[in-house]
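Below are the chains, spelled out letter by letter.
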Amino acid sequence: MKSSARVVVVGGGVVGASVLYHLTKAGWKDVLLIERGELTCGSTWHAAGGMHTLNGDPNVARLQQYTINLYRELERISGQSCGLHMPGGIMLAGTRERFDWLKMAKARGRYLGMELELISADEAAKVFPIVDKKYFVGALLDPIEGHVDPYGVTHAYAKAAQIAGAEVVRHTRVVDLKPRADGSWEVITEAGNVHAEHVVNAAGLWAREVGRMVGLELPVLAMQHQYLITEDLPALKGQKELLTSIDFEGEIYTRQERGGVLLGTYERAGVPWSPVETPWDFTQSLLPEDLERIAPSLEVGFRHFPTLADVGIRKVVNGPFTFAPDGNPLVGPIRGLKNFWVACGVMAGFSQGGGVGLTLSQWMVEGDPGADVWAMDVARYGDWATLAYTNAKVRENYSRRFRIRFPNEELPAARPLRTTPVYERLQAAHAVFGDYCGLEHPLWFAPSAAEAHEDITFHRSNAHAHVAAECRAVHESVGLLEISNYGKFEVTGPASEEWLSRVMANRVPQVGRIALTPMLNERGKLIGDFTMCRVAEQRVFLICTWAAESYYRRWFERHPPPGGVTVRPCAMEYVGLSVAGPHSRTLLQALTRTDLASAAFPFLSFRRMDIGMVPALVGRISFTGELGYEIWVTSEYQRALYDLLSSAGRAHGLKLFGGRALNAMRIEKSFGTWAREYRPIYGPHEAGLGRFVDFGKGEFIGRAAALEEKESGGALRLVAFSVDAADADSAGDEPIWHEGQVVGWVTSGAYGHRVQRSLALGYIPAALATATDGFEIELIGERRAARREGAPSLDPAGSRMRA
Ligand SMILES: Cc1cc2nc3c(=O)[nH]c(=O)nc-3n(C[C@H](O)[C@H](O)[C@H](O)COP(=O)(O)OP(=O)(O)OC[C@H]3O[C@@H](n4cnc5c(N)ncnc54)[C@H](O)[C@@H]3O)c2cc1C
């Protein structure tokens, strides 16, 4: 084994091998993979090897497509067979709702270039003869599905990497990792030390343990997973290979395995494996079979696929593999640990391993993942994702693997975890809460405790009328919203302005003023949208997306402030309430001596003031499009502030409103939001944020690329639509059609209660951005006419919020 390498990859499962191969492909040849046993000896060797392109996140789906298309290339380079079988796949719907879900999956597949086909139950029985069609209403066919040989794939990656110059060392355990002062690593193994510039944790089942070597608690947990292989089925003899299948109602997947059928299940009562620590002596091992546990799924399976009940079971496999709380991989650099990278929590190594390797290698070599990988960025989790939280969420996610997640559905596990001081008050007001990064925040308010629950549906739910009433109150009188669920940073010190001016695209505002600003990467793409509030010459309060707090902190570490400037995350230190609506000024003025008249405190003002006895930071800003104020207080004051606003508000018709109403109102104003309209695949000009980029202020990150985008006009444009919807509104990710072609995708949608029509925001090619008619948006498989709106649906001049 060499004593130094540019990169040491810890772990030789399918993921580590893919990272190694992709690093060589990206040009880094001095790379070393260290494996404690044989390649594949963790979770990889006993995998069923199934692969598919569909994923809830279109960006992850794209990387899955990439992985599947890679296998031929790997075979060619390495000379190692991947055991590739591509019979295609069928997804079976046993209920109308599931069939609707398949229609939506097909629609999403359209703009990813997937050729998916919806078929009837009769047709399903023809192309998939082992199914009993009476249990199904229809199915979706995907030609790009199949399975591979896990051993073959892993060795093909490793061989291809070795051909390019990589080294693979087996039977050597990494026992510790020590950072050196220059940011490089001492990799301590059973066979001596290796000095590495970078370390990649691809340790699969032991990712947690390798993380702990550097003080990191990664949110991953292994679950036991079982599949069985039947004896040969006479009906399959001499036939072309069976399609792979997913039976959602049975929570079962199948594929042909030689003359028999492999049948696996994600049972509801899933069991974690080694929840605290993974034993090091678990090598090429399996767990005792437990058919009892999966018996309910098997019963359904034998009913739905009756021929399987006629043959015996040849083999049962029970093996562990790891999941992150949301089931997507954990990939990327780790904040606070220089040159330390992770590629773990990959639950579908044969669909995702290639994409994970590609992403991580580009990130390491180019400094940027090269795509929108937010859905699998390790930075989407923070310290709140503890071991016990992860355990609860992973078990929930496992049990729901084949269940529908409705667009308005909130999941119950690990709740409540984080609550603000006004939680009980909001609960008493019949709030229906959502979970955001473990924080309970009100979605809408029901008239009584008995009605405080939401029916999950693709259509408008029982919340619709209540959200309408909340929007009406904000439009006609005044509403009160809890706004604690934002990220916040406090930037202090003499060179605060200088640093902010370099990392943000807009000019830092004057003292007492607010400026909205995109944050760009070097490629001029959006990596954040911030509200900069200048409290004092040397103090700026930043408001941003809370879910991205770790992501931003990692970015700030990469572009550190000069000495004397402190950038302090303070999301839960400052909690907030907002009042919005035409009566909001009168209400607030009654509680403060600070003059709130527009002349004294105009739109985009920000000031420290007392509200009653409560010291607060108040901004005059509006995400609803109405006159409004955001009030930030340290948490011990929030209850007093809430009580004060509530009692003073009675005279003004104050009504509580929640996130659902806010979302509908921001869409009426065509205001975008991070992770929906603003993502690292769009430039500021494309996203309609060009006016917040100040090219006149001097150099800032992404300036040259943003200027180029401005001059060329960019390829895409964020536009707003009115949709001729029936009883279902866009939820995001629906295809946008124009004159019979899919030309774009929806990023957000809602019913606009103030303008009384269904609305959607989405991206289309810039060349089409002046067309008004001829658009359609596909809602639950139905193409509904849509008209591009030339301006925000509500108050295009913005006079209401500036009143
Ligand atoms: C029963 C079952 C069926 C499955 N079916 C499918 C399927 O159909 N399709 C699919 O895509 N996925 C399937 N999976 C999941 C798939 O197995 C995983 O996605 C994949 O194995 C993850 O690979 P990995 O490289 O991250 O982890 P692992 O395979 O666990 O690899 C990690 C490697 O790191 C090594 N290592 C750890 N710590 C150290 C150390 N300190 N020093 C040196 N080496 C170390 C380990 O020995 C191990 O070889 C299945 C899993 C199971 C259990």
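All of these numbers come straight from a predicted model, not from anything done at the bench.

Thresholds, definitions, all that
Residues numbered from 1 in each chain as written. Predicted model: local features only at pLDDT ≥ 70, side-chain atom pairs only at ≥ 80, totals over all residues. Heavy atoms only, no water. 1 Å grid on protein atoms, 1.4 Å probe; cavity = no way out; pocket = protein on both sides within 12 Å on 5 of 7 lines; lining within 4 Å. Points joined across faces, edges and corners; volume = space filled by probe spheres on them. Nonpolar A, V, L, I, M, F, W, Y, C, P; charged D, E, K, R; others polar. Salt bridge = Lys/Arg side-chain N within 4 Å of Asp/Glu carboxyl O. Buried < 20%, exposed > 50% of the residue type's maximum accessible area, 1.4 Å probe, protein only. Helix = DSSP H or I, 4+ residues; strand = E, 2+ residues; numbered from the N terminus. Pairing = 2+ DSSP bridges. Axes fitted to C-alpha atoms, helices over the stretch in contact; angles between N-to-C directions. Contact = heavy atoms within 4.5 Å. Near = heavy atom within 4 Å. Polar contact = N/O pair within 3.5 Å; in protein donor to acceptor, adjacent residues only side chain to side chain. Core = buried A, V, L, I, M, F, W, Y, C linked by side-chain atoms within 4.5 Å. Phe/Tyr/Trp six-rings, centres within 6.5 Å; stacked < 30°, edge-to-face > 60°. Lys NZ or Arg CZ within 6 Å of the ring centre and 35° of its normal. Parallel < 35°, antiparallel > 145°, perpendicular 65-115°, else oblique. Left-handed = near helix turned anticlockwise from the far one by under 90°.

1. Some thoughts on empty space enclosed by the protein
Okay, step 1: The tally for this structure, following the rule as stated, stands at 3 cavities of 30 Å³ or more.
Okay, step 2: Put simply, the second largest cavity is a space of about 80 Å³.
Okay, step 3: Forming the walls of the second largest cavity are Leu481, Ile483, Tyr486, Ser578, Ala580, Ile621, Ser622, Phe623, Thr624, Glu630 and Leu662.
Okay, step 4: Among the residues making up the lining of the second largest cavity, the classes are represented as 7 nonpolar, 3 polar and 1 charged.

2. Here's the deal with the pattern of salt bridges
Okay, step 1: Counted under the stated rule, the structure contains 49 salt bridges.
Okay, step 2: In this structure, aspartate 176 engages lysine 178 in a salt bridge whose closest nitrogen and oxygen atoms are separated by 3.0 Å.
Okay, step 3: Using a relative accessible area of 42% as the deciding quantity, one classes lysine 178 as partly exposed.
Okay, step 4: Linking glutamate 522 and arginine 558 is a salt bridge whose minimum nitrogen-to-oxygen distance equals 3.6 Å. Within this pair, whereas glutamate 522 is found in the loop between β24 (514-520) and β25 (526-536), its partner arginine 558 is found in helix α13 (residues 549-558), the two being separated by 36 residues in sequence.
Okay, step 5: Using a relative accessible area of 42% as the deciding quantity, one classes glutamate 522 as partly exposed.
Okay, step 6: Overlapping salt bridges, with partners in common, bring together Arg208, Glu209, Arg212 and Glu217 in one network.

3. A word on the sheet that holds strand β23 (residues 486-492)
Okay, step 1: Reading across from one edge, β24-β25-β26-β23-β27 is the order of the 5 strands in this open sheet, with antiparallel pairing throughout. The two strands at the open ends of the sheet, each matched to only one other strand, are β24 and β27 (566-569). Here the average twist between neighbouring strands, direction ignored, is 25 degrees.
Okay, step 2: Pairing of β23 with strand β26 (residues 539-545), which is carried by 7 bridges, proceeds in the antiparallel orientation. When the bridges of β26 are listed, phenylalanine 489 appears paired with leucine 542.

4. A few points about helix α12 (residues 496-503)
Okay, step 1: Looking at α12, one finds that the buried residues are Ser496, Trp499, Leu500, Ser501 and Val503.
Okay, step 2: Its buried side turned inward, α12 meets β23, β24, β26, α13 and β27.

5. Details of the site of the ligand
Okay, step 1: Of all residues adjacent to the ligand, which total 39 residues, the nearest are Glu35, Arg36, Thr44, Gly50 and Val346.
Okay, step 2: At 2.6 Å from an oxygen atom of the ligand is found a side-chain nitrogen or oxygen belonging to glutamate 35.
Okay, step 3: Valine 174 has a polar backbone atom sitting 2.9 Å from a nitrogen atom of the ligand.

6. Here we look at unusual backbone geometry
Okay, step 1: The amide bond that connects arginine 415 to the next residue, proline 416, takes the cis arrangement and shows omega of -10 degrees.
Okay, step 2: Along the polypeptide, proline 416 turns up in the loop between α9 (387-399) and α10 (423-428).
Okay, step 3: At aspartate 733, a residue that is not glycine, the phi angle is positive and equals roughly 75 degrees.

7. Comments concerning the nonpolar core
Okay, step 1: Ranked by size, the top nonpolar core spans 125 residues in total, and within it Leu177, Phe340 and Tyr552 carry the most contacts.
Okay, step 2: Counting residues per element, this core draws most heavily on strand β12 (residues 221-230), which supplies 5 residues.
Okay, step 3: When near neighbours in sequence (up to four residues on either side) are disregarded, tyrosine 552 contacts Phe489, Met519, Ile527, Gly528, Asp529, Phe530, Cys544, Thr545 and Trp674.
Okay, step 4: Counting residues in hydrophobic clusters, the runner-up holds 43 residues, among them Val31, Trp341, Met364 and Met376.

8. Quick notes on the packing of aromatic side chains
The description of two aromatic rings rests on the distance between their centres and on the angle between their planes.
Okay, step 1: Under the definition given, this model contains 34 aromatic pairs.
Okay, step 2: Relative to phenylalanine 340, the ring of tryptophan 185 lies with its centre 5.5 Å away and its plane at 55 degrees, an arrangement referred to as tilted. Note that tryptophan 185 is positioned in strand β10 (residues 185-189) and phenylalanine 340 in strand β19 (residues 340-344), a separation of 155 residues in sequence. Across this residue pair, the class does not change: tryptophan 185 and phenylalanine 340 are buried.
Okay, step 3: Between tyrosine 551 and tyrosine 552, the ring centres sit 5.8 Å apart and the planes meet at 65 degrees, which makes this aromatic pair edge-to-face.
Okay, step 4: Given a relative accessible area of 0%, tyrosine 552 falls into the buried group.
Okay, step 5: Each residue in the set Trp101, Phe248, Tyr253, Tyr266, Phe321, Phe323, Tyr398 and Phe402 is aromatic and connected to the rest through ring pairs, giving one cluster.
Okay, step 6: Its end group placed over the ring of tyrosine 266, arginine 401 keeps NZ or CZ at 5.2 Å from the ring centre.
Okay, step 7: The positively charged end of arginine 783 is found above the aromatic ring belonging to tryptophan 737, 3.7 Å away from the centroid.

9. Focus: the side chain of serine 605
Okay, step 1: Note that serine 605 resides in the loop between α14 (584-589) and β29 (606-611).
Okay, step 2: For serine 605, the contacting residues outside a window of four places in its chain are Gly512, Arg513, Ile514, Val618, Gly619 and Arg620.

10. Side note on the packing of helix α1 (residues 14-25) against helix α5 (residues 150-163)
Okay, step 1: Remark: α1 packs on α5, axes separated minimally by 8 Å, with the N-to-C direction vectors making an angle of 25 degrees. It follows from the interaxial angle that α1 and α5 lie roughly parallel. Both α1 and α5 take part in a crossing whose hand is left-handed. Across the interface between the two elements, Val14, Ala17, Ser18, Leu20, Tyr21, His22 and Thr24 of α1 pack against Val153, Thr154, Tyr157, Ala158, Ala160 and Ala161 of α5.
Okay, step 2: The residue makeup of the contact of α1 with α5, split by class, is 9 nonpolar, 4 polar and no charged.

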